[in-house]
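Below, each chain spelled out in residue letters.
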Amino acid sequence: MKKSKWFSIFLVSLFGLFFMCPTSNAANTIKVGIVDTYTGPATTYTNDVLDGFKLAVGKINAKGGVLGKKIEFTTRDEKFKPDIGLAMAKELVLKEKVDILMGTINSATALAISDFVKKEKVPFLVTFSKSDKIVGEKGHRYVFGMNENALMAGRAAGIAIGKKPYMKYWIAGDDYEYGHSIANNVWENVQKVNPKSILIGQSWWKVGEADFTPYITQILAAKPDFVIVATGGSGMVNFQKAAQATGFNKKAPFFQHTAIEASTLVPQGQNAPEGVYGTANYLFYYPDTPANNAFVAEFKKAYNRFPKVGALYGYMAAQFIAEGFKKAGKVDKERFINALEGMALDSPVGKLEVRKCDHQLVLPMYYGVTKKNPKYDFLIAADIETIPGKDYMPTCDEMRKMRKYKQ
Amino acid sequence: MSQIFVGLSRTVILFIVSSGLSLILGVLRIPNVAHGSLYMIGAFMAFTISKVFGGGDLGFWLALIGAPLGVALVSLIAERGLFQYLYEREHLMLLLLTFAVSLVFGDLVKIVWGTEYKSVPVPHVFQGFVNLFGELPFPLYNLFLLFVGPIVAVGLWLIVNKTKIGKISRAAAVDREMVGAVGINVSWVFAIVFVIGCLLAGLGGVLVAPTVSVTLGMDHTLIIEAFLIVIIGGLGSIWGALLGALIFGLTQSLGILVWSQFGIVFPYAAVIVVLLFRPTGLLKSTW
């Protein structure tokens, strides 16, 4: 008897809590729902996206918000699992009634959410997934790419490497979608720029491979002129350590996408190998412009570290959300999308445009080589070449052919 | 030839970790899934110790001693606090418990060390490489690993076969009631064996740290390999662990040489071949 009494009191208070909960007034805020991986190694990248986003939103709200409304955001941890990510996106859209979705580093999740937002007609800004299917083959009106993808990175690097006088190439990488996609795109474009180049061999290892030494000795035995290494995540550091230990970087020049990025170089300190070629969308010390320096100073003040590439993606996503609604004139999803198409905004790396044809942000790509620098206690990129977006991005015609969904 | 030596140095780490796993499996009958987590904790502790002492050589040598001891302490707490109550339960229960513990350890590591990659520098003495056979470079650090491996193997053999605790634990593995009946505190014998096994996991973690990025999730890859090694070697057999690690490490490095595109398949193919012909593992298992 007593038990059931307490139970009913508990139930009643639960209902009370439910109704008392401050349901956010849709009229006064613009709600952004962020689904991303906040557990596991991927957080090296995703925390920067979130921090960059927070920084920009804080500034926008301090100035009175957009259309008199504050930008409000909620995050969900998808734990790098597509099924969880999709469930969270559904919850954010159907229950929390968010106006916009953002995320995620997991390509499979991004593609699943993309399918869902197409049905629900909610804009979705993709901030770190590298699959080129997101704006390519599976692209549609409601999805936007705010970062480079494997196709773009591969092309940019292929163009830069192809100009060099290398002949014999070797491809090595993580044996899954991202690895093959990057490697094939680099190699295809090297061949286009330098038709005489030949591939003398390739090696593929399992994702998460810890010891690269056996692979390196094998590659060295074949004496290639240049090695394209397509690995990601913690493999970046593992491979560079093995390269340093074997002197690989001195014997055969090699390329890794994001090799020059702070996420890869900062953890290794002074012990990272010199002479590794890499590409990245963002470097906090380059270009040395007032806009970039101001962004770095602001980020460093807020979080006491240098911004990595994700910070730029998050920061710009917030800017585009604010400016998009401003241009739309009211919080309306369809008008927001129309406003965003073709919109260009100033960023730490110059003016960035969202292309109308494929909803992809046009970003510059930096190609450089790792080098010690007395100013920092870790290696940075030297001999940086800027490859503007228009030089390496697939054209709108190509994108239209790739897309299954016709606008 | 160089490839064989590279394979051997990888074998050393696999052997150290899986011999610990095998020891625990043989004496305590615990399929300890959390073993990989202890290896990861060892690597993270090595990072911290090395960093506190300026990231130089001193830091590395102190980490080599300190981190395994730290891991031993963690494992002692886990054994006294949790595992000792479950020795009599079914294997499935133990498996679930150790799996749960591995998840908890994973989260603890995240809370203590955060999610960024960590890197332990190779000590100055072992930086660089030598040209052992012809022109192919062989990292000095791997040479050091080849030196450490036999020391651990012989040391472990001495402990298990020549010391009192080794003899008692071997007896306890066969008949724990009888050992208890002659007046030995079996519970503490088990604790000591467990701690020694985990110490080996920690040692493996420290030794691997300079060659890889220390990161969350490094436990998962290793634990699968370690279990496969223990299975092909014969459950609970230390020499089996050595043999298993040799097969695993060598087929991998030679596989890469033979058919680089599918190098990863070879160790697993070797496991299948072994199990087809000797389902109980190569050496006599204590199970």
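Everything discussed here concerns the structure shown above.
The paragraphs below set out a description of the structure included in this document. For every chain, the first residue of the written sequence is number 1, and numbering continues from 1 along that sequence. Going through the entries in the order they are written, you letter the chains from A and number the ligands from 1. Per-residue local features of the predicted model are confined to residues with pLDDT of at least 70, and side-chain atom pairs are confined, for both listing and counting, to 80 or more; whole-chain, interface and lining totals are unaffected and use all residues. Only hydrogens and water are removed before side-chain values are computed, so all heavy atoms of the structure are retained for them.

**Some remarks on the overall build of chain B**
What counts is decided by this rule: Comment: elements are numbered from the N terminus, with helices defined as DSSP H or I runs of at least four residues and strands as E runs of at least two. In this setup the radius of gyration rests on C-alpha atoms only. A globule is expected at 2.2 Å times the number of residues raised to 0.38. By definition in these notes, contact holds between two residues if any of their heavy atoms fall within 4.5 Å. Positive: Lys, Arg. Negative: Asp, Glu. His and the chain ends are not part of the count. Positions of charges follow a simple convention, taking NZ of Lys, CZ of Arg, CG of Asp or CD of Glu.
Of regular secondary structure, chain B possesses 11 helices and four strands. Its C-alpha atoms give chain B a radius of gyration of 19 Å, near enough to 19 Å, the size a compact globule of 287 residues would have. Residue pairs in contact within chain B that sit at least 24 positions apart in sequence constitute 76% of those at least 6 positions apart. The averaged location of the 11 negative side-chain charges in chain B is 8 Å from the averaged location of its 14 positive side-chain charges.

**Observations regarding the pairing of strand 9 (residues 254-257) of chain A**
All names here are of chain A. This is how it is decided: In this scheme, a residue with accessible area under 20% of its type's maximum is buried, one over 50% is exposed, and one in between is partly exposed, where area comes from a 1.4 Å probe on protein chains only. Being paired, for any two strands, means DSSP has found at least two bridges between them.
Along strand 9, one buried face is formed by Phe254 and Gln256 and the opposite face, lined by Phe255 and His257, is buried too. Here strand 8 (residues 226-230) runs beside strand 9; their pairing, made up of three bridges, is parallel. In the strand pairing of strand 9, Ile228 is matched with Phe255. Across four bridges, strand 9 lies against strand 10 (residues 276-280) in parallel orientation.

**Focus on the sheet that holds strand 11 (residues 344-347) of chain A**
Residues and elements named next belong to chain A. Which entries qualify depends on this criterion: Whenever a helix is involved, its axis is fitted only over the stretch in contact; in every case the axis is a line through C-alpha atoms, and angles between N-to-C directions fall within 0 to 180 degrees.
Taking strand neighbours across the sheet as the criterion, the three strands line up as 11-12-13 in an open arrangement whose pairing is antiparallel. Every other strand in the sheet has two partners, leaving strand 11 and strand 13 (361-362) as the edge strands with one partner each. As defined by bridge partners, strand 12 (residues 350-354) adjoins strand 13 across two bridges and the pair is classed as antiparallel. Following the sheet pairing, Val354 is matched in strand 13 by Leu361. Seen against the sheet, helix 12 (residues 309-328) touches strand 11, strand 12 and strand 13 and runs at an angle of roughly 140 degrees to strand 11.

**Things to note about the interface of chain A and chain B**
Going by this rule: Buried area, as used here, totals the accessible surface that two parts lose on assembly, with accessibility defined by a 1.4 Å probe and the loss added over both. Any Lys or Arg side-chain nitrogen located within 4 Å of an Asp or Glu carboxyl oxygen qualifies as a salt bridge. As used in this structure description, the phrase polar contact means that two N or O atoms lie within 3.5 Å; if the pair is within protein, one of them must be able to donate a hydrogen and the other to accept it, and residues adjacent in sequence are counted only when both atoms belong to side chains.
Taken together, the contact pairs 41 residues of chain A with 37 residues of chain B. Here chain A and chain B share an interface that buries about 3200 Å² over both sides, 55% of which is from carbon and sulfur atoms. When the buried surface of chain A facing chain B is broken down by residue, Lys206, Thr217 and Lys241 of chain A rank first, second and third, together holding 17% of it. Across the contact surface, chain A and chain B share one salt bridge. Of the charged contacts in the structure, one is a salt bridge between Glu225 of chain B and Lys206 of chain A, with a shortest N-O distance of 3.2 Å. Run the count over chain A and chain B and you get eight residue pairs in polar contact (both at pLDDT 80 or more). Listed by contribution, the elements that provide at least two residues to the side of chain A that touches chain B are helix 2 (43-62), strand 7 (198-205), helix 7 (213-222) and helix 8 (234-246) of chain A.

**Remarks on the sheet that holds strand 2 (residues 70-77) of chain A**
Consider a sheet: its strands pair through backbone hydrogen bonds, and that pairing is either parallel or antiparallel. All names here are of chain A. The strand order across the open sheet built from five strands is 2-1-3-4-5, with neighbouring strands paired in parallel fashion. Each edge of the open sheet carries a strand with a single partner, namely strand 2 and strand 5 (143-145). Strand-to-strand twist in this sheet, taken as the mean axis angle between neighbours without regard to direction, amounts to 20 degrees. Sheet analysis places strand 1 (residues 29-36) next to strand 2, joined by eight bridges and oriented parallel. Paired with Val35 across the bridge in strand 2 is Arg76. Contacts from helix 4 (residues 107-120) reach strand 1, strand 3 (100-103), strand 4 (124-126) and strand 5, with the element oriented near 160 degrees to strand 4.

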